[in-house]
Structure formats: C-alpha cells, structure tokens
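Results of the structural survey
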Amino acid sequence: MIEFVQQGTVCHIKGRITQADVITLWPQRQQLLGESTQILSLSGLEYSDSAGMAFLLALVREHGSQLELSSASPQLKKLIDLYDLHAFFTEEAH
C-alpha cells in the first residue's frame with residue numbers, strides 16, 4: 001500500500017511501492033501530485049522495487065515544474081547507487 005500526502009509544496013510518499021502498485025497507479029499518475037509540488041519526500045517510503053523507482057522518476061519527468069526527490073530511505077539509497085540515479089535526488093538523499 002502506498003500513500004501520497006500533500007503538505008504545501010512537499011508531497012510525502014509513505015508505504016511500499018512495487019510493480020503491482022505501479023500498474024494500479026500508472027493511469028492516475030498525473031493526479032497524484034498537486035501543481036505546486038516541488039519536493040517528493042521519500043522518508044516514509046519503506047520499500048521500492050525497480051519498477052517503483054522507475055515510476056518515481058516518471059513522476060519527476062512528467063511533472064509540470066521542477067520536482068526534486070529527497071530523503072531516500074537506506075533501502076532506496078541502495079537502488080539509487082545500483083542504478084546511478086544520484087542526479088535525480090537532492091543532496092539530502094546521498
């Protein structure tokens with residue numbers, strides 16, 4: 001189960017995201033984030049597989065304005081290192 005909690009310009013992602021979640025979320029990805037969202041906080045994201053990571057990067061690419069991913073969990077940091085995705089994350093995530 002994954003949850004998107006909007007607080008001002010920050011959207012907190014909580015829970016777990018797997019390929020099964022991505023299949024469900026993909027059609028509604030344009031509605032998950034408010035237009036004013038500038039930061040996706042991943043501190044509450046307990047787990048993501050590679051499909052979940054690809055989904056997060058798609059959110060960044062398709063968002064209307066500049067969007068940063070921040071506060072990656074230790075598990076997510078392993079994926080960031082594995083796929084060399086540091087460019088998509090703020091310094092806080094390194």
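Throughout, a residue's number is its position along its own chain's written sequence, starting from 1. Residue-level local features of this predicted model are given only where pLDDT is at least 70; pairs of side-chain atoms are given and counted only at 80 or more, and the full residue set underlies all totals for whole chains, interfaces and linings. Based on all heavy atoms of the structure, the side-chain values leave hydrogens and waters out of the count.

So, on to the packing of aromatic side chains. Put simply, two rings from Phe, Tyr or Trp (the six-membered ring, in Trp's case) pair if the centres are within 6.5 Å, and we call them stacked under 30 degrees between planes, edge-to-face over 60, tilted for the rest. Under the counting rule described, the total for this entry stands at one aromatic pair. Cation over ring: Arg29 sits above Trp26, and NZ or CZ is 3.8 Å from the ring centre. Criterion for a charge above a ring: Lys NZ or Arg CZ within 6 Å of the ring centre, and within 35 degrees of the ring normal.

This part takes up the pairing of strand 1 (residues 2-7). Two faces make up the sheet, and in a regular strand the side chains alternate between them. By the convention used here, strands pair only if DSSP detects at least 2 bridges between them. Labels follow the DSSP assignment, with helices taken as runs of H or I lasting at least four residues and strands as runs of E lasting at least two, numbered in each case from the N terminus. Strand direction decides the pairing type here: strand 1 and strand 2 (residues 10-17), joined by six bridges, are antiparallel. Looking at the pairing, Ile2 lines up with Gly15 of strand 2. Adjacent in sequence and paired antiparallel, strand 1 and strand 2 are bridged by two residues, among which Gly8 carries a positive phi angle near 65°.

Sheet analysis places strand 2 next to strand 3 (residues 39-48), joined by seven bridges and oriented parallel. Residue pairing across strands places His12 opposite Ser41, the latter belonging to strand 3. In this fold, strand 2 hands off to helix 1 (residues 19-25), which returns the chain to strand 3; that crossover is right-handed. Pairing of strand 3 with strand 4 (residues 68-70), which is carried by three bridges, proceeds in the parallel orientation. Among the inter-strand pairings, Leu40 is bridged to a residue of strand 4, identified as Leu69. Of the crossover connections in this fold, the one passing from strand 3 over helix 2 (residues 50-62) to the parallel strand 4 is right-handed. Clockwise travel from the first strand over the helix to the second, with the strands pointing away from the viewer, marks a crossover as right-handed.

We now examine the pattern of salt bridges. Salt bridges are defined as contacts in which a side-chain nitrogen from Lys or Arg sits within 4 Å of a carboxyl oxygen from Asp or Glu. Enumeration according to the criterion identifies one salt bridge in this entry. As a salt-bridge pair, Glu62 and Arg29 come within 2.8 Å of each other at their nearest N and O atoms. Of this pair, Glu62 sits in helix 2 while Arg29 sits in the loop between helix 1 and strand 3, and the two are 33 residues apart along the sequence. Note on exposure labels: buried denotes an accessible area under 20% of the residue type's maximum, exposed denotes more than 50%, and partly exposed covers the range between, all computed with a 1.4 Å probe on protein chains only. Exposure remark for Arg29: the relative accessible area of 18% places this residue in the buried category.

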